[in-house]
Amino acid sequence: SQDRQTLSGTYQDTQRNQGKWAFSPRGSQSEADGQALLPDVIRSSLDNELPGWMPVRTPKELIADCPQSTPGFKPWVVWGDFDGDGRRDYAVEIRSADQTLLLMFLNQGSEFQRVDVDRGKDLWEVLDVAKNGATIPDIEKDTKQTVGADTVLGIACGKSGAAYVRSGSSFDKVWFSD
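Residues numbered from 1 in each chain as written. Predicted model: local features only at pLDDT ≥ 70, side-chain atom pairs only at ≥ 80, totals over all residues. Heavy atoms only, no water.

J.: Tell me what's going on with the sheet that holds strand β10 (residues 151-156), and back it up with residues and numbers.
T.: The antiparallel open sheet is built from 4 strands, whose spatial order is β7-β10-β11-β12. Two strands close off the open sheet at either side, each with one partner strand: β7 (126-130) and β12 (170-177). Neighbour to neighbour, the strand axes of the sheet diverge by 30° on average, direction disregarded. (Pairing = 2+ DSSP bridges. Helix = DSSP H or I, 4+ residues; strand = E, 2+ residues; numbered from the N terminus. Axes fitted to C-alpha atoms, helices over the stretch in contact; angles between N-to-C directions.)

Okay, here's the thing in structure tokens:
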């Protein structure tokens, strides 16, 4: 089952208020690896709860061969409206201790709810997003479904891929490529 917790902080939903997002980068290292793309409350939560966490590193030659649609692309962080409420949510793939974690942070207005979606030794080389209304094939059920919210895609370039499709209050892993 997916673990959930709520993060509170000084986050403000500026997307609705001013039509743009305010981020506060923490120096050149976080700008280089994309950590500046995350709101402070998410970075602080990761720092406090998963000390020593690091973004998943994908070799540049693999990134060049992978599709990508997210502006400001970093292979370990994507954003979209994953729960269909009109707010910007985030998904990150990070390393902590000896495992890889795929976490979603669902924007609740003044706080984020963390959902632990997947974990393993290695997960994906690249994260991407299928936009609301996209059709996702399910190779295990030999069906297709149209998603009702932006959907996180995990891609192992040239190997396999899965979509994390919203189903009620959780996310189902749907293999679209093997």
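J.: How would you explain the pairing of strand β11 (residues 160-167) if you had to name every residue and give the values?
T.: Across the 8 residues that make up β11, a large majority, 6, are buried. Direction of pairing for β10 relative to β11: antiparallel, over a ladder of 5 bridges. When the bridges of β11 are listed, Leu153 appears paired with Ala163. Where β10 folds back onto β11 in an antiparallel hairpin, the turn is made up of 3 residues, including Gly158, whose phi is positive at roughly 75°. Two strands pair when backbone bridges link them, and β11 and β12 are joined in this way by 7 bridges, in the antiparallel orientation. Paired with Ala163 across the two strands is Val174, which belongs to β12. (Buried < 20%, exposed > 50% of the residue type's maximum accessible area, 1.4 Å probe, protein only.)

J.: Outline the packing of aromatic side chains, supporting the account with residue identities and numerical values.
T.: Taken as a whole and judged by the stated rule, the model has 3 aromatic pairs. Ring centres of Trp53 and Trp76 lie 6.0 Å apart, and the angle between their planes is 50°; this geometry places the pair in the tilted category. Here the residue Trp53 occupies a position in the loop between α3 (40-49) and β2 (54-55), and Trp76 occupies one in the loop between α4 (60-65) and β3 (77-80), the gap between them amounting to 23 residues. Considered together, Trp53 and Trp76 belong to a single accessibility category, that of buried residues. (Phe/Tyr/Trp six-rings, centres within 6.5 Å; stacked < 30°, edge-to-face > 60°.)

Read these as geometric descriptors, not functional statements.
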